[in-house]
Amino acid sequence: MKVLFFLNDDDKYGAGKSTMKLIELLWENHGVTPILVTPKYNNNNKWCNENGIENYSLLYSDEIIGNGSSFLKKSIKVMGATVLNFNLLRYLEKKIDFSQVDLIHTGFSGIIVGWRLSEKHSIPHIWHLRDFPLTWSFFDENQISKMNSSLSTFVAISDAVKREWVVKGLASNKITKIYNGIDPSTILYSVHKFNESTLKICFVGAMVKHKRPDLVIEAVGKLPEAYRKKVTVDFFGTTYENYQPILDKLVSNYHLANSIKFHGYTANVGEVLNEFDVGIMSSIAEPFGRVTIEYMLAGLSVVASDTGANPELIEESITGFLFESGNYDSLSRKLIWLIDNPNMIKKVGQNSRKYALENYSATSNADKIYQLYLTSLKNGKQLLIKDR
């Protein structure tokens, strides 16, 4: 089976890592022959070259615009994307024999080029939905209607994501929920030993506003002194949007310089997670939460906001803890409770690791996607016969 994949330029964070691991396992375990297309050369292309896998890197664009964007901003993006994507399609038509491509898989919601090729060549299409769509729109206001009548099958990475796409107008019966998978071998695990004098917390993710690292700092800063002096927080992730000065000011205002450290992006963060007691996921709305599962695999107790997919992954006091999203006082109370109940850190950490291993392995994810491929190929052939 030959599958043409369209990815974005991410090779560091959750969606990019999940997609690339999926491609590796489909190739290794199911005999899928991948062809990879990325908008710029990165580690994913490098992996393909090392393994003799056909791949292309040529700049192209998504075809979405944030709600509320000005007419000028939208016009500029539409013109730029139209030129880039036209050039990509023309280039790929010259390089690839589409009569030999069995299926097209688009890895991210806003990328349209794979869908266009699917429609042109009557090739079944898998379209991964990895984000919440209500804050942006497609360039083409009729795109959702076209998706509903297309050869595409859609994969939502959580029930939360599926619900929002249904609200946006995508037919529910065209969407299959398949959670992302994580390779547990990338996460070091050891039986947890809690030091009652210090609650060691980590935060993994990009330092951007919607991830709410500021909320974590405020929650620690607002702790009563007896508890605050027992807490340390280590942040792992690249800072964007000129956000670091804001975080530094919060650290200074709460006198937390000795308690909080920023490490920047760390490639092999899974090798250090087991040095911590608690992992925090404070995002406003996480479509899935790869980091949440990584915390679990490392045996940490997860404390997460009660929005997005977090309530799907976490059973309160069994596989983690939920706090009210955006409420630093709610997060503070959870931290106080954990300091007062240290035995629960080890217990919940062990529960969560077992749960993650049973439900979110990369191998299981690849197996489910492959079965979806087979179903899509079967259904696609039936539709083509019917159309004739």
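The notes below deal with the structure included here. (Residues numbered from 1 in each chain as written. Predicted model: local features only at pLDDT ≥ 70, side-chain atom pairs only at ≥ 80, totals over all residues. Heavy atoms only, no water.)

## A word on the sheet that holds strand β1 (residues 2–6)
Reasoning step 1: The sheet built from seven strands is open, its strands ordered β3-β2-β1-β5-β6-β8-β9 with parallel pairing. Across the chains shown, the open sheet's two edge strands, defined by having one partner strand only, are β3 (55–57) and β9 (175–177). Looking at each pair of strands side by side, their axes are set apart by 20 degrees on average, direction ignored.
Reasoning step 2: Two elements, β1 and strand β5 (residues 103–106), share four bridges in a ladder whose sense is parallel. Counted as the bridge partner of V3 is L103 from β5.
Reasoning step 3: Across the sheet, helix α3 (residues 71–95) is in contact with β1, β2 (33–38) and β3; its angle to β3 comes to roughly 155 degrees.
Reasoning step 4: Packed onto the sheet, helix α4 (residues 113–121) meets β1, β5, β6 (125–129) and β8 (152–156) and runs at close to 160 degrees relative to β5. (Pairing = 2+ DSSP bridges. Helix = DSSP H or I, 4+ residues; strand = E, 2+ residues; numbered from the N terminus. Axes fitted to C-alpha atoms, helices over the stretch in contact; angles between N-to-C directions. Contact = heavy atoms within 4.5 Å.)

## A closer look at the packing of aromatic side chains
Reasoning step 1: Following the criterion strictly, the structure yields 15 aromatic pairs and no others.
Reasoning step 2: An angle of 70 degrees between the planes, with centres 5.4 Å apart, marks the rings of Y179 and Y360 as edge-to-face. Residue Y179 is located in the loop between β9 and β10 (199–204), and its partner Y360 is located in the loop between α13 (342–359) and α14 (362–387); the two are separated by 181 residues in the primary sequence. Per residue, the accessibility class of Y179 equals that of Y360, and both read buried.
Reasoning step 3: Note on F236 and F276: the rings are 6.0 Å apart at their centroids and 80 degrees apart in plane angle, and the pair reads as edge-to-face. Here F276 lies in the loop between β12 (260–262) and β13 (278–281) and F236 lies in strand β11 (residues 231–236), a separation of 40 residues in the sequence. (Phe/Tyr/Trp six-rings, centres within 6.5 Å; stacked < 30°, edge-to-face > 60°. Buried < 20%, exposed > 50% of the residue type's maximum accessible area, 1.4 Å probe, protein only.)

## Digging into the nonpolar core
Reasoning step 1: Core analysis: the largest hydrophobic core is formed by 43 residues, its most contacted members being F138, M147, W165, F288, I293 and Y295.
Reasoning step 2: Mapped by element, the contributors of at least two residues to this core are β6, β7 (136–138), α5 (143–148), β8, α6 (159–168), β10, α10 (290–297) and β14 (301–305).
Reasoning step 3: For this core, the element with the highest residue contribution is α10, accounting for five residues.
Reasoning step 4: Discounting chain neighbours no more than four positions away, the residues touching F138 are E63, I64, S109, G110, I112, Q143, I144, M147 and W165.
Reasoning step 5: Of all hydrophobic cores here, the second largest spans 42 residues; its members include L4, C48, I178 and Y370. (Core = buried A, V, L, I, M, F, W, Y, C linked by side-chain atoms within 4.5 Å.)

## Here we look at the packing of helix α12 (residues 328–340) against α13
To describe two helices that pack against each other, one gives the angle between their axes and the distance between the axes.
Reasoning step 1: Two numbers describe how α12 lies on α13: the axes approach to 4 Å, and their chain directions differ by 100 degrees. With respect to their mutual orientation, α12 and α13 come out roughly perpendicular. Residues W337, L338, I339 and D340 of α12 lie in contact with α13, whose contacting residues are P342, M344 and I345.
Reasoning step 2: Of the residues assigned to the contact of α12 with α13, the class counts are six nonpolar, no polar and one charged. (Parallel < 35°, antiparallel > 145°, perpendicular 65-115°, else oblique. Nonpolar A, V, L, I, M, F, W, Y, C, P; charged D, E, K, R; others polar.)

## Side note on the packing of α10 against α13
Reasoning step 1: As a packed pair, α10 and α13 sit with axes 7 Å apart at the nearest point and diverge in direction by 120 degrees. Taken together, the axes of α10 and α13 are oblique relative to one another. Here the hand of the crossing between α10 and α13 comes out left-handed. Residue-level contacts link I293, M296 and L297 of α10 to G349, S352, R353, Y355, A356 and L357 of α13.
Reasoning step 2: Considered class by class, the residues forming the contact of α10 with α13 number six nonpolar, two polar and one charged. (Left-handed = near helix turned anticlockwise from the far one by under 90°.)

## Considerations on the pattern of salt bridges
Reasoning step 1: Summed over all chains, the structure comprises 13 salt bridges.
Reasoning step 2: The closest approach of N and O atoms between K77 and D62, which form a salt bridge, is 2.7 Å. Separated by 15 residues along the polypeptide, K77 in helix α3 and D62 in the loop between β3 and β4 (64–66) bring together distant segments of the chain.
Reasoning step 3: Looking at K77, the relative accessible area reads 27%, which means it is partly exposed.
Reasoning step 4: Relative accessible area serves as the criterion here: at 27%, D62 is assigned to the partly exposed category.
Reasoning step 5: Between E358 and K354 there is a salt bridge, with its nearest N and O atoms 2.7 Å apart. With E358 and K354 both in helix α13 and four residues apart, the pair spans about one turn of that helix. Like K354, E358 is exposed. (Salt bridge = Lys/Arg side-chain N within 4 Å of Asp/Glu carboxyl O.)

## What to know about the sheet that holds β12
Reasoning step 1: Strand order across the open sheet formed by six strands is β12-β11-β10-β13-β14-β15, with parallel pairing between neighbours. Two strands close off the open sheet at either side, each with one partner strand: β12 and β15 (321–323). For this sheet, the mean inter-axis angle between neighbouring strands, taken without regard to orientation, is 20 degrees.
Reasoning step 2: Relative to β14, β13 runs parallel, the two sharing four bridges. Directly across from V278, in β14, lies its bridge partner S301.
Reasoning step 3: Packed onto the sheet, helix α7 (residues 213–221) meets β10, β11, β12, β13 and β15 and runs at close to 170 degrees relative to β11.
Reasoning step 4: α13 contacts β10, β14 and β15 of the sheet and is inclined by roughly 85 degrees relative to β14.

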